[in-house]
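Close look at the chain arrangement
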Amino acid sequence: MHIGNDQVIQTSDIIVMINQQDIEVSSINEEMIDYAEQEDDELDYDEDVVKTIIFTNDGVYYSPLAIPTLKKRTSIKAILSQQESY
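Residues numbered from 1 in each chain as written. Predicted model: local features only at pLDDT ≥ 70, side-chain atom pairs only at ≥ 80, totals over all residues. Heavy atoms only, no water.

1. Some remarks on the confidence of the model for the chain
- Here the chain averages 80 in pLDDT, while 78% of its residues score no lower than 70.
- Across the chain, the secondary-structure element scoring lowest on mean pLDDT is helix α2 (residues 67-84), at 73, and the one scoring highest is strand β4 (residues 52-56), at 90. (pLDDT = per-residue confidence, 0-100. Helix = DSSP H or I, 4+ residues; strand = E, 2+ residues; numbered from the N terminus.)

Have a look at this one:
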């Protein structure tokens, strides 16, 4: 799935997608982000650009796309893969 910013991830690797606005609601969410940033110096979290934070088996990704948009992309992919099998 293309998540924006020239990043592509496997949908099967996604553990959770969190709306950026929900980060401050939960201290656990904030702790997860802080931990991820400590583990990976290349993570660049910009609240003005990031709409979704995606945790995968391989790491954390920041997406400028909203969760509903990302969900539509996975739904479209599933529909297309079903049509290819006919």
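Resuming the write-up.
2. Details of a negative patch on the surface
- There is a patch of like negative charges on the surface, built from E24, E30, E31 and D34.
- You can see E24 is positioned in the loop between β3 (14-19) and α1 (27-39). (Patch = residues over 30% accessible without salt bridge, like charges linked within 9 Å, V, L, I, M, F, W, Y side chains within 5 Å. Areas by Shrake-Rupley, 256 points an atom, 1.4 Å probe, with all protein chains shown as cover. Salt bridge = Lys/Arg side-chain N within 4 Å of Asp/Glu carboxyl O. Lys, Arg positive; Asp, Glu negative; His and termini not counted. Charge placed at Lys NZ, Arg CZ, Asp CG, Glu CD.)

3. Quick notes on the nonpolar core
- Core analysis: the biggest nonpolar cluster contains 9 residues, these being I18, I23, I33, A36, V50, I53, F55, V60 and Y62.
- Residues in contact with I18, not counting those within four places in the same chain, are I23, N29, M32, K51, T52, I53, F55 and I67.
- Counting residues in each nonpolar core, the second largest holds 6 residues, with M1, I3, L65 and L70 among its members. (Core = buried A, V, L, I, M, F, W, Y, C linked by side-chain atoms within 4.5 Å. Buried < 20%, exposed > 50% of the residue type's maximum accessible area, 1.4 Å probe, protein only. Contact = heavy atoms within 4.5 Å.)

4. Quick word on the pairing of strand β5 (residues 60-63)
- As paired strands, β4 and β5 are joined by 4 bridges and run antiparallel to one another. Bridge pairing in β5 links I53 to Y62.
- Joining the antiparallel neighbours β4 and β5 is a turn of 3 residues, in which G59 adopts a positive phi near 160°. (Pairing = 2+ DSSP bridges.)

5. Points about the side chain of T52
- Take T52: it is sitting in strand β4.
- Apart from the residues within four sequence positions on either side, T52 is in contact with M17, I18, Q20, Y61, Y62, S63, L65, A66, I67 and L70.

6. Structural notes on unusual backbone geometry
- At N5, a position not held by glycine, the phi torsion is positive, near 55°.
- Structurally, N5 is set in the loop between β1 (2-4) and β2 (7-8).
- Non-glycine residue D6 carries a positive phi angle of around 55°.
- You can see D6 is positioned in the loop between β1 and β2.
- Since its relative accessible area comes to 77%, D6 is described here as exposed.

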